[in-house]
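Each chain, letter by letter, is given below.
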Amino acid sequence: ALLSGLLHSALITLPNLSKLAIEEESLYLPHFFARLDLPRLERADIVGDFLSPAQSDLHALLPADSSKCLPRLARATRVLVTCASTRCMIDALIPEESPDVSTHLQGRTGVAGMTFTSSSTLQHDLPTIFRGAPVKSLLVDCEHCEEDMPGWAATLSAFPALEQVELLGDGIITPFWS
């Protein structure tokens, strides 16, 4: 793995790094990011390949405390979520600062038969990744949003500052609350 040499290093501060793009096995990414202090990072494109069904949550791409490596996540005001069976993406934006300030997290399945579920992304990943963030706008576009609708209440309540919610589906009538 490309990142294996950094897994046991001390904290590395890159005070001027503003853009980062990385694509790696999901297993290595949280260890890599835990060793980075990126105070000026404005744009991050992070792609993790999940090779085990046991680790298929997008928040598993990040360390438990991502405040040093991805400080903009805690200030995101617009979140876009796109889920399909083999790929799930979360975009965090801060349009008030700049249209270029964004963090893109993408998970891809690397195992035949392994799929992402929108319910896990909505109930676990969003509240974990954006804990305490002043999210005002949430757009969710997913294939199977109807999988676990009771989770929607928990998802939406995790973002008390919400002013705008857009839910797009796959054309199937979705029973949100029944």
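In what follows, the structure referred to is the one given above.
Residues numbered from 1 in each chain as written. Predicted model: local features only at pLDDT ≥ 70, side-chain atom pairs only at ≥ 80, totals over all residues. Heavy atoms only, no water.

Trainee: What am I meant to see in the environment of Pro-15 here?
Mentor: With respect to the helices and strands, Pro-15 occurs in the loop between strand 1 (12–13) and strand 2 (19–25). Overall, Pro-15 belongs to the partly exposed group, its relative accessible area being 44%. Look past the residues within four positions of Pro-15 in its chain and what remains in contact with it is Pro-39 and Arg-40. (Helix = DSSP H or I, 4+ residues; strand = E, 2+ residues; numbered from the N terminus. Buried < 20%, exposed > 50% of the residue type's maximum accessible area, 1.4 Å probe, protein only. Contact = heavy atoms within 4.5 Å.)

Trainee: Honestly, the pattern of salt bridges in this entry has me stumped. Any pointers?
Mentor: Between side chains of opposite charge, a pair can form when the charged atoms approach closely. The tally for this structure, following the rule as stated, stands at five salt bridges. Close ionic contact of Arg-108 with Glu-23 constitutes a salt bridge, the shortest N to O distance being 2.5 Å. Taken as a pair, Arg-108 in strand 7 (residues 102–109) and Glu-23 in strand 2 lie far apart in primary sequence, 85 residues in all. Judged by its relative accessible area of 18%, Arg-108 falls in the buried class. Through salt bridges with shared partners, one network takes in Glu-23, Asp-49 and Arg-108. (Salt bridge = Lys/Arg side-chain N within 4 Å of Asp/Glu carboxyl O.)

Trainee: Looking at this model, I keep getting lost on the side chain of Ser-66. Mind explaining?
Mentor: Examined against the element boundaries, Ser-66 turns out to sit in the loop between strand 4 (43–50) and strand 5 (78–83). On the basis of relative accessible area, Ser-66 is assigned to the buried category, the value being 14%. The contact partners of Ser-66, leaving out residues within four places of it in the chain, are Pro-71 and Leu-73.

Trainee: I'm lost on the environment of Gly-132 in this one. Help?
Mentor: With respect to the helices and strands, the residue Gly-132 is situated in the loop between helix 2 (118–129) and strand 8 (137–142). C-alpha of Gly-132 to C-alpha of Ala-76: the two residues are 56 residues apart in sequence and 9.6 Å apart in space.

Trainee: Help me understand the sheet that holds strand 2, please; the structure alone is not making it clear to me.
Mentor: Two modes of strand pairing occur in sheets, parallel and antiparallel, and in both the strands are linked by backbone hydrogen bonds. Taken together, the seven strands give an open sheet; going across it, the order is 2-4-7-6-5-8-9, and neighbouring strands pair in mixed fashion. Strands with a single pairing partner mark the edges of an open sheet, and in this sheet they are strand 2 and strand 9 (164–168). In this sheet, adjacent strand axes meet at a mean angle of 5° when their direction is disregarded. With seven bridges connecting them, strand 6 (residues 87–93) and strand 7 associate as antiparallel partners. In the strand pairing of strand 7, Ile-90 is matched with Leu-105. (Pairing = 2+ DSSP bridges. Axes fitted to C-alpha atoms, helices over the stretch in contact; angles between N-to-C directions.)

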